[in-house]
Amino acid sequence: STYEGHRDTCPSWWIAAASMLLSPFVAHVGSQLDVMWTFSQILEGFAMVPQYVLSYRNDSESDIDEGWGIRMYIVAMGFYIFFKVVNWAQ
């Protein structure tokens, strides 16, 4: 198995619950479909947080060559989220 439970300390259930509770208040129309779409958009933004946490923990234990790739992944995902927020704000 490749799962490392001792490094997985980010509470994913908390992120999903917070997104579920926030989505009815943020949805524009209030229909069930719009609330579900808003939930998926909020959840997508926070879904990468556990990956960031795990990558950060792996980065501190890896050598320089492997750490560079992990840092580039985190920077690329950060740009993805940044441009998504800019596009969503328009």
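Scroll up for the structure.
So, here's what we can say about the structure. (Residues numbered from 1 in each chain as written. Predicted model: local features only at pLDDT ≥ 70, side-chain atom pairs only at ≥ 80, totals over all residues. Heavy atoms only, no water.)

**Here we look at the side chain of Ser19**
One can find Ser19 in helix H1 (residues 12-26). When its relative accessible area of 2% is taken as the criterion, Ser19 is described as buried. With near-sequence residues (within four places) excluded, Ser19 lies in contact with Phe39, Ile42, Leu43 and Phe46. (Helix = DSSP H or I, 4+ residues; strand = E, 2+ residues; numbered from the N terminus. Buried < 20%, exposed > 50% of the residue type's maximum accessible area, 1.4 Å probe, protein only. Contact = heavy atoms within 4.5 Å.)

**Points about the environment of Arg57**
If you trace the backbone, Arg57 turns up in helix H3 (residues 49-61). A residue is classified by how much of its surface remains accessible, and Arg57, at 30% relative accessible area, is partly exposed. Taking the C-alpha atoms as reference points, Arg57 and Arg7, separated by 50 residues in sequence, lie 7.0 Å from one another. In contact with Arg57, not counting residues within four places along its chain, are Arg7 and Thr9.

**Considering the packing of aromatic side chains**
Both the distance between ring centres and the angle between the ring planes are used here to describe each pair of aromatic rings. What the rule picks out here adds up to two aromatic pairs. The interplanar angle of 65° and the centroid separation of 5.2 Å between the aromatic rings of Phe82 and Phe83 together place this pair among those described as edge-to-face. Among the residues examined, Phe83 registers a relative accessible area of 52% and is labelled exposed. Here the aromatic cluster, defined as three or more aromatic residues joined through ring pairs, consists of Phe79, Phe82 and Phe83. (Phe/Tyr/Trp six-rings, centres within 6.5 Å; stacked < 30°, edge-to-face > 60°.)

**Regarding the side chain of Asp34**
Counting through the fold element by element, Asp34 comes out in helix H2 (residues 32-46). Excluding its chain neighbours within four sequence positions, the residues that come into contact with Asp34 are Ala27, His28 and Val29.

**With respect to a nonpolar patch on the surface**
Side chains of Val75, Phe79, Phe82, Phe83 and Val86 sit close together on the surface and give an oily, nonpolar patch of about 490 Å² of accessible area. Assignment of secondary structure puts Phe82 in helix H4 (residues 64-89). (Patch = residues over 30% accessible without salt bridge, like charges linked within 9 Å, V, L, I, M, F, W, Y side chains within 5 Å. Areas by Shrake-Rupley, 256 points an atom, 1.4 Å probe, with all protein chains shown as cover. Salt bridge = Lys/Arg side-chain N within 4 Å of Asp/Glu carboxyl O.)

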